[in-house]
There are 2 protein chains.
Amino acid sequence: MALLYGNAVVGQSGGPTTAINATLAGVIYGAMNCDCIGKIYGMRNGVEGLLEERLIELNSIFEGCEDKLESLKRTPAAALGSCRKKLPSPDKSDYEKTFDKLIKIFEKYDIRYFFYIGGNDSMDTVAKLSEYTKSCGYEMRIIGVPKTIDNDLKGTDHTPGFGSAAKFISVVMQEIIKDTQVYTIPAVTVVEIMGRDAGWLTASAALGRLVSGEAPDLVYLPEREFDIDEFIDDIKEILKTKPNVVVAVSEGIVCKGGQYIGDSTQGRGVDAFGHKALSGTAKGLEMIVKERVGCKVRSVELNLPQRCGAHIASECDISESFGVGRAAVMAAEQGVSREMMVIIRNNDAGEPYSSVFGHMDIELIANKTKFVPAHYINERGNNVTDECLEYILPLISGECYPAYKNGLPQFFTFDKN
Amino acid sequence: MALLYGNAVVGQSGGPTTAINATLAGVIYGAMNCDCIGKIYGMRNGVEGLLEERLIELNSIFEGCEDKLESLKRTPAAALGSCRKKLPSPDKSDYEKTFDKLIKIFEKYDIRYFFYIGGNDSMDTVAKLSEYTKSCGYEMRIIGVPKTIDNDLKGTDHTPGFGSAAKFISVVMQEIIKDTQVYTIPAVTVVEIMGRDAGWLTASAALGRLVSGEAPDLVYLPEREFDIDEFIDDIKEILKTKPNVVVAVSEGIVCKGGQYIGDSTQGRGVDAFGHKALSGTAKGLEMIVKERVGCKVRSVELNLPQRCGAHIASECDISESFGVGRAAVMAAEQGVSREMMVIIRNNDAGEPYSSVFGHMDIELIANKTKFVPAHYINERGNNVTDECLEYILPLISGECYPAYKNGLPQFFTFDKN
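Parameters at a glance
- Residues numbered from 1 in each chain as written.
- Chains lettered and ligands numbered in written order.
- Predicted model: local features only at pLDDT ≥ 70, side-chain atom pairs only at ≥ 80, totals over all residues.
- Heavy atoms only, no water.
- Helix = DSSP H or I, 4+ residues; strand = E, 2+ residues; numbered from the N terminus.
- Rg over C-alpha atoms; globule rule 2.2 N^0.38 Å.
- Buried < 20%, exposed > 50% of the residue type's maximum accessible area, 1.4 Å probe, protein only.
- Contact = heavy atoms within 4.5 Å.
- Lys, Arg positive; Asp, Glu negative; His and termini not counted.
- Charge placed at Lys NZ, Arg CZ, Asp CG, Glu CD.
- Least-squares fit on C-alpha atoms with pLDDT ≥ 70 in both.
- Core = buried A, V, L, I, M, F, W, Y, C linked by side-chain atoms within 4.5 Å.
- Buried area = accessible area lost by both parts, 1.4 Å probe.
- Salt bridge = Lys/Arg side-chain N within 4 Å of Asp/Glu carboxyl O.
- Expected span 1.5 Å × (residues − 1).
- Polar contact = N/O pair within 3.5 Å; in protein donor to acceptor, adjacent residues only side chain to side chain.
- pLDDT = per-residue confidence, 0-100.
- Axes fitted to C-alpha atoms, helices over the stretch in contact; angles between N-to-C directions.
- Parallel < 35°, antiparallel > 145°, perpendicular 65-115°, else oblique.
- Nonpolar A, V, L, I, M, F, W, Y, C, P; charged D, E, K, R; others polar.
- Pairing = 2+ DSSP bridges.
- Phe/Tyr/Trp six-rings, centres within 6.5 Å; stacked < 30°, edge-to-face > 60°.

(A) Seen up close, the overall build of chain A. Looking only at helices and strands, one finds 14 helices and 15 strands in chain A. Taken against the 2.2 N^0.38 rule, which gives 22 Å for 417 residues, the C-alpha radius of gyration of chain A at 22 Å falls within 12% of a compact globule. By its C-alpha atoms, chain A is 70 × 50 × 45 Å across when sized along the principal axes. A buried classification covers 63% of the 417 residues belonging to chain A. Within chain A, counting contacts between residues at least 6 apart in sequence, those at least 24 apart form 77% of the total. With 45 positive and 57 negative side-chain charges, chain A shows a spacing of 4 Å between the two charge centroids.

(B) View of the relation of the copies chain B and chain A. Expressed as a screw transformation, the operator carrying chain B onto chain A has a rotation angle of 180° and an axial translation of 0.0 Å, and the superposed copies differ by an RMSD of 0.0 Å. Here the copies are linked by what is in effect a two-fold axis.

(C) Up close: the nonpolar core. The biggest cluster of nonpolar side chains holds 89 residues, and the ones touching the most others in it are Ile193(A) and Ile193(B). When sequence neighbours within four positions are dropped, the list of residues in contact with Ile193(B) reads Ile169(B), Met173(B), Leu201(B), Thr202(B), Ala205(B), Ala248(B), Val249(B), Ser250(B), Glu251(B), Leu302(B) and Gln306(B).

(D) Quick peek at the interface of chain B and chain A. Taken residue by residue, the interface counts 70 residues in chain B and 70 residues in chain A. Here chain B packs against chain A, burying approximately 5,300 Å² in sum over the two surfaces, 58% of which is carbon and sulfur. When the buried area of chain B at its contact with chain A is split by residue, Glu175(B), Tyr183(B) and Leu408(B) rank highest and sum to 13% of it. The interface formed by chain B and chain A holds two salt bridges in total. Asp179(B) serves as the salt-bridge partner of Arg307(A), at 2.8 Å between the closest nitrogen and oxygen. For the side of chain B that touches chain A, the elements supplying multiple residues, two or more each, are helix 7 (162-180), helix 9 (208-211), helix 11 (281-292), strand 9 (296-301), helix 12 (305-308), strand 14 (404-405) and strand 15 (408-409) of chain B.

(E) Just the pattern of salt bridges, in detail. Residues and elements named next belong to chain A. The final tally for this structure, using the stated rule, is 40 salt bridges over all chains. Note that lysine 104 is salt-bridged to aspartate 100, the shortest N-O span being 3.1 Å. On the criterion of helical spacing, the pair formed by lysine 104 and aspartate 100 is a turn pair, its members being four residues apart in helix 5 (residues 95-109). Note on lysine 104: relative accessible area 53%, which makes it exposed. For aspartate 100, a relative accessible area of 34% gives the class partly exposed. Salt bridges linked by common partners bring Glu70, Lys73 and Arg74 together as one network.

(F) Quick look at helix 13 (residues 315-333) of chain B. All names here are of chain B. Between its first and last C-alpha atoms helix 13 spans 27 Å; for 19 residues at 1.5 Å apiece the expected length is 27 Å, and the two agree. Of all 19 residues making up helix 13, 14 are buried, and the element is well covered by its neighbours. Measuring from the side-chain oxygen of the N-cap residue of helix 13 to the backbone nitrogen of cysteine 316 gives 3.3 Å; that N-cap residue is serine 314. Phi turns positive one or two residues past the end of helix 13, at glycine 335, with a value near 105°.

(G) A look at the side chain of Asn21(B). With respect to the helices and strands, the residue Asn21(B) is situated in helix 1 (residues 20-32). Other than its neighbours up to four places away in sequence, Asn21(B) contacts Gln12(B), Leu72(B), Lys73(B), Thr75(B), Pro76(B), Ala77(B), Ala78(B) and Ala79(B).

(H) Molecular detail of the confidence of the model for chain A. Residues and elements named next belong to chain A. Scored by pLDDT, chain A has a mean of 93; 95% of the residues are at 70 or more. Below a pLDDT of 50 lies the segment residues 264-279, which in the model reaches 42 contacts outside its immediate sequence neighbourhood of four places, other chains included. Predicted complex metrics record ipTM = 0.95 and pTM = 0.95.

(I) Geometry of the packing of helix 5 (residues 95-108) of chain B against helix 6 (residues 120-136) of chain B. All names here are of chain B. Running from amino to carboxyl end, helix 5 crosses helix 6 at an angle of 75°, the nearest separation of the two axes being 11 Å. Between helix 5 and helix 6, the crossing angle belongs to the class labelled roughly perpendicular. Residue-level contacts link Tyr95, Glu96, Phe99, Asp100, Leu102, Ile103 and Phe106 of helix 5 to Lys128, Leu129, Tyr132, Thr133 and Cys136 of helix 6. Per-class residue counts for the contact of helix 5 with helix 6 are eight nonpolar, one polar and three charged.

(J) Quick peek at the sheet that holds strand 4 (residues 111-118) of chain A. Residues and elements named next belong to chain A. Strand order in this open sheet of seven strands is 3-2-1-4-5-11-12, and the pairing throughout is mixed. Either end of the sheet is taken by a strand with one partner, and the two such strands are strand 3 (55-57) and strand 12 (355-361). Sheet twist, expressed as the mean angle between neighbouring strand axes with direction ignored, is 30°. Where strand 4 meets strand 5 (residues 141-146), six bridges bridge the pair, whose relative direction is parallel. The residue of strand 5 that forms the bridge with phenylalanine 114 is isoleucine 142. Packed onto the sheet, helix 1 (residues 20-32) meets strand 1 (6-12), strand 2 (37-43), strand 4 and strand 5 and runs at close to 175° relative to strand 1. Packed on one face of the sheet, helix 13 (residues 315-333) meets strand 2, strand 4, strand 5, strand 11 (339-345) and strand 12 and runs near 165° to strand 5.

(K) Main features of unusual backbone geometry. Look at Asp110(A): it is not a glycine, yet its phi comes out positive at around 50°. Relative to the helices and strands, Asp110(A) resides in the loop between helix 5 and strand 4. In this structure Asp110(A) comes out as partly exposed when scored by relative accessible area, which is 36%. In this structure, Glu53(B) takes a positive phi of about 60° despite not being glycine.

(L) Geometry of the packing of aromatic side chains. Per the counting criterion, the structure on display carries 37 aromatic pairs over all chains. Ring plane angle 25° and centroid distance 5.0 Å describe the contact between Phe99(B) and Tyr132(B), whose orientation is recorded as stacked. Taken together, the residues span a long stretch of sequence, with Phe99(B) in helix 5 and Tyr132(B) in helix 6 at a distance of 33 residues. Summarising the aromatic geometry, the rings of Phe114(B) and Tyr116(B) are spaced 5.6 Å apart at their centres and angled 40° between planes, so their arrangement reads as tilted. The exposure class assigned to Phe114(B) is buried, which follows from its relative accessible area of 0%. Through a chain of ring-to-ring contacts, three or more aromatic side chains come together here, namely Phe106(A), Phe114(A), Tyr116(A) and Tyr138(A).

(M) Structural detail: the sheet that holds strand 5 (residues 141-146) of chain B. Residue and element names in this part refer to chain B. As summarised here, the arrangement of the seven strands in space is 3-2-1-4-5-11-12, forming an open sheet in which the pairing is mixed. For this open sheet the edge positions go to strand 3 (55-57) and strand 12 (355-361), each flanked by a neighbour on one side alone. Shown here is a sheet whose adjacent strand axes are inclined to one another by a mean of 30°, direction ignored. Summarising the sheet, strand 5 and strand 11 (residues 339-345) pair through two bridges and their orientation is parallel. Pairing of glycine 144 across the sheet is with methionine 340, part of strand 11.

(N) How the structure looks around the environment of Gln334(B). Residues and elements named next belong to chain B. Position of glutamine 334 among the secondary structure elements: in the loop between helix 13 and strand 11. Relative accessible area serves as the criterion here: at 57%, glutamine 334 is assigned to the exposed category. Sequence separation of glutamine 334 and glycine 257 is 77 residues, and the distance between their C-alpha atoms is 50 Å.

(O) Broad picture of the environment of Asn347(A). All names here are of chain A. Looking at where asparagine 347 falls in the secondary structure, it is placed in the loop between strand 11 and strand 12. Note on asparagine 347: relative accessible area 61%, which makes it exposed. As a C-alpha pair, asparagine 347 and leucine 4 span 343 residues in sequence and 35 Å in three-dimensional space.

Encoded structure:
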């Protein structure tokens, strides 16, 4: 494969996570140590900022400053800013104009390497840009680096960002269970967890079952139709044996007929990609349990801290997220393009968990969703299997803490530009 | 003061906190090292369990097991179980019967020391029990040890449990602010914080202002009447200068005329002490902002993790909470009774923060509330002053982490009895 000399650009897209800056740090580290890459630019707010030429030269910030890179690695959200912009399809009127503008910016800055850290929708951007640069003969190596707390990307064993979100959820769930156990009066606590279509994060709430033996009594994923009558029956049954019932529920659970539980109390509408923005599933269930069981009920929506809880990040996740960013640069240097980086688990029986990085054709991945498979959910559909938890458990191993000053974490910030 | 030989009992009462077990550990440690105290018993579920003679002998569990005491210290919620039971007043028909039963239990177990760890309502229990034992001539030393995340007890500089809750809130607020900064479209994020009547915890959300310079744009405490029109004006004004507005709001804010914002969306009723159980204040404001400002709005209720977030406890708080428990035993040994332990801050100008423990007549404390004083709130009533933050900041210093195994915290649990 011929060597390609030039500059590189990196961007972050989609919803922020605890680990997306670790991947950014990995790309920056990789690019600074790559002989073929001169400068590494960061796009502010993903392709939205790129189209406005809002670029920041990163070498001068990070070269010789390992402490800054380390701080970036432990900082939540997207330090470069993010966007939800989808590039136009070939059948759209602004297609030519948009991509032409991008090519002109690439030429101006001699950008030959493009790294885009994002979720499913961001891989769509990578696919379209790959298509266009190829068709117009602009030589460029374009790599998508996965990130999503939802773990719903195909082709990779798991996604960077998932482990830290799963760790926050499972740690907090251990604490909530302790909190709910202090009183003797019957009470139900419903904890709502992120995950629009895939139940990976909700499944993580049950990890304690393998470790401390304490876990939610009931776990409901969006992959299975939710039956309110069965739910109420299950709660009443458990209340016969203990006073405190804890339920973990995905924000996206759907009843027969396609009705979301949260529908009545939410009003956020749909996002730019047409996804329904949900809220209030736990609140909805709280009201139902109050009415039909009649005991004390509390709903807890874990909300934003799930995706930005850097104060209790997974060491495994942060380390892999950095590694996959660095590996993306190495792959691009070797000629890889139009691919998404993936994490491959070493599945040798009896061996401790380990992983390596690979890459995969973006077309096989973009716009697809990896659901929790049927055999990871129990027969009644009210919990996950041990096999499911054994898959997730290694991904929350180790504690990655930020540095603290005067009691508060010290996070990395780019100067405004 | 004459020496009093006998056994001791310790109980936990009221809402759980991250630090109430550290105080329990302090009492156990103190009792095990006190020459006058033979056995130390734990009451399961406070006075509720005591009346049912549900006692657990603690010496055999903890003697020679420093690791267990250390684990208890870092475990959230109330390991002995808690209750919300209020002992009857002298004018109630069950007064004699209830207290007579308690005295019989004390006699049976030769209990001469009574330590009760709790909030405002628990100090009421201490006061009544002191009154009765005195009137019937049963020699007993009775000490209340404060705990409440709300920091609303009079007589003490601050309450054990407050520092850890304030730390969780201020750390997570730093992360949420990072999360909200990633997009360029105008958006308002409303974060709801516990604190029924006093705004100490909500004020803590702003601590970052003194450390990182990043803090919520608007902070509303229940001590000031909430004006919806001014709130909307303030948001519109801030949106002119930046796209992301972050609001910290107490669950208990009240509009002119006494109307709670959360009223329309909540339905929890009142608790055993007649307090209104609130929820949905942020959700209510979300709807109001959506309607009147028209931008993207998200509400986040920090909920239970505020009071059980042991994974990021304050070292200062856990250390003081243990210390005040131990000091309670020493005070009782020296003859103190019918008093609540307090924390006294060393206020020497220019000196780093330090504190000592003292005690105070329970009658001066029980059933009173310490509000955030007027000069800690800015003139417009939409933020707190630096002086307020300087008071709180030392209380979140240091990070106290639990031990982890397989990625999850290892908490202490008493066997069921």
